[in-house]
Amino acid sequence: MIGFVILINLVLPIQGLGVCVPPNSYKVPVLPNVLVVQDKLQFTTNKDQSLWITQESKDPLNRRMELLNFQKYIINEPTYAFTDQHPDKKYLLPNSPVSNMIWNSFVNPEIWDITFDFDVFRQASIMNSITKPCDTLDDLTNLYNLTGIKSHMPYPPVLIDWKSDTAFGQDQLTFNGFNLRKEVKNELSLSDDVVRKITGSSFNDLLANGRVFKSDFSNMDKYSKTGSQYVPGAYAQFYIDDCKNFMPLAIYLPRNKLTYTPLDDSNHWLLAKLAFNTAESNFQPMNHFLLQHLIVRSIRVEMIRHIGVKHPVYVILNHHFKSVLGLAVNARDTLVNDDTFYDKTFGTGANGALGLEAELTKNYHFVEQKIREGYQMRGLMDIPNHKQRDDILLIRKAIEIFITNYLSAFYKTADDVRKDQELQFWVQSVANPKYGNINGFPDYISDIPTLVDLVTDLITLVTVQHHQENSHNVWNGGVLPAKPKAFFKPLPTNKMDPINVRDYLVSDVKMLAIETALMANFYYKVVPKQLIGASYDDLDLGNSAIQAVKLFQGHLEFISDYINQREANSRRPYKSADPKILAYYGKV
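Below you will find a few notes about this structure. (Residues numbered from 1 in each chain as written. Predicted model: local features only at pLDDT ≥ 70, side-chain atom pairs only at ≥ 80, totals over all residues. Heavy atoms only, no water.)

**Focus: the state of the cysteines**
Here comes step 1: Enumeration over the complete set of coordinates arrives at 1 disulfide.
Here comes step 2: Between cysteine 20 and cysteine 243 runs a disulfide, and the two sulfur atoms are separated by 1.9 Å. An S-S torsion of about 60° defines the bridge between cysteine 20 and cysteine 243 as right-handed. Residue cysteine 20 is found in the loop between strand S1 (6–7) and strand S2 (25–26), and its partner cysteine 243 is found in the loop between strand S5 (234–240) and strand S6 (246–253); the two are separated by 223 residues along the sequence.
Here comes step 3: Since its relative accessible area comes to 3%, cysteine 243 is described here as buried. (Disulfide = S-S within 2.5 Å. Helix = DSSP H or I, 4+ residues; strand = E, 2+ residues; numbered from the N terminus. Buried < 20%, exposed > 50% of the residue type's maximum accessible area, 1.4 Å probe, protein only.)

Okay, structure coming up:
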């Protein structure tokens, strides 16, 4: 077990809504500096390894012929063509340009793994449990205590205190926050009188001190389904209060052109928060699908085309890229398609989701989506108690140390990297608009740190980043009534008339059962051999990697102990990055 520091702040009164209560602060630990130095790892030379870089190949001619054959028969569809050129929705891996080689070797086995993992009995149990209408918000929260649900699923921590502003703000730093960034101006034209009543400070003072943030989903309206089921657009502002809590300041809903604050009627304010959560709930799956699946799909296909299967970069990345190709096809057929569970429950439906996907693709840039640079560019590095950021970056650091040690057996100098033709052809092809078409992807790797950084980011992307937006997090942080998938009643035209918030959420019993089962379907159980640390036990990385793997596994154990100790007494525990539930690949 490990030790870490819990800091309790004094309770300080502020002006406005009353006395703020400080959160339980924590100190992010430093990974133990054990066996990190190259000479302590006692690596053997790369001539004794089962893996080798291009210039060290034992059979360069056959290796080159194999790759040329791959390049002839495996063609990567450009990323920009996801939707525009495929109205029949066969847009991810169309049969025509992709040979049977890649389907038989990668796609079909991965689809089989996905199908085999699916828990049809759990889905049936959950759907059969929901047989009566839920007339109140409390009825919805009590769904998860039904025997047919709680026997399979844990009670979602996001539902604890879910109506409170504290929980709403906290979710942006844990389960959600996928579009959060620092605010730069008074976008909602809030008066100083209103802002002071809420925060005790003026808006300009908050802004000058870097304490105002935004999450903009105001364009989500245009991706709504036609008819009564829709997703409302929303623009939310948050602030850091005097006790370092992350709190909501205001929410603007373009559909009814009203701005809501905590000073409004409690039901109207709750409705605004649920409208915002609905917008984020529809944005998140497509953002995830692009970042952790479709982008990685292109990167992996170009890797198959250009890097030999005995190359150390290929071996480590292919290990973590498992299921990327199969999941892309599976999602096309069973998720983002007409009359699927997704199409029935989400406010965008399948067609709106594809439109959103196309828009996100046009604006994608690889550097902005790298996890460390992403938090920095969005201005989120100084937010206190940002558990999502801190946990992901801690695991990224462990991965970086591991990859540094692993690759140092093969690359001794920057010249080794520059002369590795397979590596250089790979990145050039990924960045090329005719092939991978990944905007912002490096087209040249000049030295060892650059290579380590790229491999580290890609592994982080398909492991801890993936599971932050999927898997356990979908259930723990994305269920009714806190996180609706659609609204079913027009928004009120004013903030004065009384409303019943329950009227805006799904009421049909069958649809309620479908939505609950769909959220549970993403909660895949990770067996021990699929855990990120244990997965290396059966992977041949060469003798030189043995100690590097052991150190990595030790770091993951250290991080798991830290997260579990930190959350031991939390009312709303956040453990999405716990390595003991973290699969080594994008499992779903």
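**Brief notes about the environment of isoleucine 240**
Here comes step 1: On the secondary structure map, isoleucine 240 appears in strand S5.
Here comes step 2: Residue isoleucine 240 is classed as buried on the basis of its relative accessible area, which comes to 9%.
Here comes step 3: When the C-alpha atoms of isoleucine 240 and arginine 211 are compared, they prove to be 5.2 Å apart, with 29 residues separating the residues in sequence.
Here comes step 4: Residue contacts for isoleucine 240: discarding those within four places in its chain leaves Arg211, Phe213, Asn245, Phe246, Ile383 and Pro384. (Contact = heavy atoms within 4.5 Å.)

**Side note on the sheet that holds S5**
Here comes step 1: The strand order S3-S4-S5-S6-S7 describes an open sheet built from 5 strands, whose pairing is antiparallel. Bordering the open sheet on either side are strand S3 (180–182) and strand S7 (258–260), each of which pairs with just one other strand. Ignoring strand direction, the axes of neighbouring strands in this sheet form an average angle of 25°.
Here comes step 2: Summarising the sheet, S5 and S6 pair through 6 bridges and their orientation is antiparallel. If you follow glutamine 237 over to S6, its bridge partner there is alanine 250. (Pairing = 2+ DSSP bridges. Axes fitted to C-alpha atoms, helices over the stretch in contact; angles between N-to-C directions.)

**Topic: helix H14 (residues 349–362)**
Here comes step 1: Its 14 residues give H14 an end-to-end C-alpha distance of 20 Å, which sits within 8% of 20 Å, the value for a rise of 1.5 Å per residue.
Here comes step 2: Of all the 14 residues making up H14, 10 are buried; the element is thus mostly covered by neighbouring parts of the structure.
Here comes step 3: Buried residues of H14: Gly349, Ala350, Gly352, Ala353, Leu354, Leu356, Glu357, Ala358, Leu360 and Thr361, and no others. (Expected span 1.5 Å × (residues − 1).)

**Topic: the packing of helix H11 (residues 312–320) against helix H17 (residues 387–407)**
Here comes step 1: Two elements in contact, H11 and H17, have axes whose closest approach is 11 Å; the angle formed by their N-to-C orientations is 150°. Taken together, H11 and H17 sit at an angle that is classed as roughly antiparallel. Considering how the two elements wind past one another, H11 and H17 form a crossing that is right-handed. In contact with Pro312, Val313, Val315 and Ile316 of H11, H17 contributes Phe402, Ile403, Tyr406 and Leu407. (Parallel < 35°, antiparallel > 145°, perpendicular 65-115°, else oblique. Left-handed = near helix turned anticlockwise from the far one by under 90°.)

**A look at the side chain of histidine 472**
Here comes step 1: Following the sequence through the fold, histidine 472 ends up in helix H21 (residues 472–477).
Here comes step 2: When its relative accessible area of 11% is taken as the criterion, histidine 472 is described as buried.
Here comes step 3: Aside from chain neighbours lying at most four places away, what touches histidine 472 is Phe522, Tyr523, Tyr524, Val526 and Ile581.

**With respect to the packing of aromatic side chains**
Think of a pair of aromatic rings as described by two things: how far the centres are apart, and how the planes are tilted against each other in angle.
Here comes step 1: Throughout the structure, instances matching the rule amount to 21 aromatic pairs.
Here comes step 2: Geometrically, the ring pair formed by phenylalanine 168 and phenylalanine 238 is stacked, given 5.7 Å between the ring centres and 25° between the ring planes. Here phenylalanine 168 is found in helix H7 (residues 165–171), whereas its partner phenylalanine 238 is found in strand S5, with 70 residues between them in sequence.
Here comes step 3: For phenylalanine 168, a relative accessible area of 4% corresponds to the buried category. (Phe/Tyr/Trp six-rings, centres within 6.5 Å; stacked < 30°, edge-to-face > 60°.)

**Topic: the packing of helix H4 (residues 120–129) against helix H22 (residues 509–521)**
Here comes step 1: For the pair H4 and H22, interaxial distance at closest approach is 9 Å and the crossing angle is 150°. As far as their axial angle goes, H22 and H4 are roughly antiparallel. The element H4 and its partner H22 pack so that their crossing is right-handed. Contact with H4, carried on its side by Arg122, Gln123, Ile126 and Met127, involves Ala513, Ile514, Thr516, Ala517, Ala520 and Asn521 of H22 and no other residues of that element.
Here comes step 2: Of the residues belonging to the contact of H4 with H22, the class tally is 6 nonpolar, 3 polar and 1 charged. (Nonpolar A, V, L, I, M, F, W, Y, C, P; charged D, E, K, R; others polar.)

**Notes on unusual backbone geometry**
Here comes step 1: Cis geometry marks the peptide bond from leucine 480 to proline 481; its omega dihedral reads 0°.
Here comes step 2: As for its position among the elements, proline 481 is in the loop between H21 and H22.
Here comes step 3: The phi dihedral of serine 189 falls on the positive side, at around 55°, and the residue is not glycine.
Here comes step 4: Within the fold, serine 189 resides in the loop between S3 and helix H8 (192–199).

**Re the pattern of salt bridges**
Here comes step 1: Following the criterion strictly, the structure yields 29 salt bridges and no others.
Here comes step 2: Here aspartate 171 and lysine 483 are joined by a salt bridge, their closest N and O atoms 3.0 Å apart. On the criterion of sequence distance, the pair formed by aspartate 171 in helix H7 and lysine 483 in the loop between H21 and H22 is long-range, its members being 312 residues apart.
Here comes step 3: By relative accessible area, aspartate 171 is classed as buried at 4%.
Here comes step 4: You can call lysine 483 buried: its relative accessible area is 2%.
Here comes step 5: Across the pair aspartate 390 and arginine 389 runs a salt bridge, and its minimum N-O distance is 2.9 Å.
Here comes step 6: For aspartate 390, a relative accessible area of 13% puts it in the buried group.
Here comes step 7: Residue arginine 389 is classed as buried on the basis of its relative accessible area of 5%.
Here comes step 8: Taken together, the shared-partner salt bridges connect Lys370, Arg372, Glu373, Arg396, Lys397, Glu400, Asp453 and Asp457 into one network. (Salt bridge = Lys/Arg side-chain N within 4 Å of Asp/Glu carboxyl O.)

**A look at a nonpolar patch on the surface**
Here comes step 1: On the surface, a nonpolar cluster with roughly 310 Å² of combined accessible area is contributed by Leu61, Met65 and Leu68.
Here comes step 2: With respect to the element layout, leucine 68 can be found in helix H2 (residues 60–73). (Patch = residues over 30% accessible without salt bridge, like charges linked within 9 Å, V, L, I, M, F, W, Y side chains within 5 Å. Areas by Shrake-Rupley, 256 points an atom, 1.4 Å probe, with all protein chains shown as cover.)

**Details of H17**
Here comes step 1: Over its 21 residues, H17 extends 30 Å from the first C-alpha to the last, a length consistent with the 30 Å expected when each residue adds 1.5 Å.
Here comes step 2: Taking burial as the measure, the 21 residues of H17 include 19 buried ones, the bulk of the element.

**Here's the deal with the pairing of S6**
Here comes step 1: With 7 of its 8 residues buried, S6 lies for the most part within the structure.
Here comes step 2: Between S5 and S6, which pair antiparallel and follow one another directly, the connecting turn spans 5 residues, one of which, lysine 244, has a positive phi of 75°.
Here comes step 3: In this sheet, S7 lies alongside S6 in antiparallel orientation, the contact comprising 3 bridges. If you follow leucine 253 over to S7, its bridge partner there is leucine 258.
Here comes step 4: Here S6 folds back onto S7, and the loop between the two strands holds 4 residues, one of which, lysine 257, carries a positive phi near 55°.

**A short note on the pairing of S5**
Here comes step 1: The buried fraction of S5 amounts to 7 of the 7 residues, a majority that puts the element mostly inside the structure.
Here comes step 2: Side chains of S5 alternate between two faces, with Ala234, Ala236, Phe238 and Ile240 and Tyr235, Gln237 and Tyr239 buried alike.
Here comes step 3: Across 6 bridges, the pairing between strand S4 (residues 212–217) and S5 is antiparallel. Within the sheet, the bridge partner assigned to phenylalanine 217 lies in S5 and is alanine 234.

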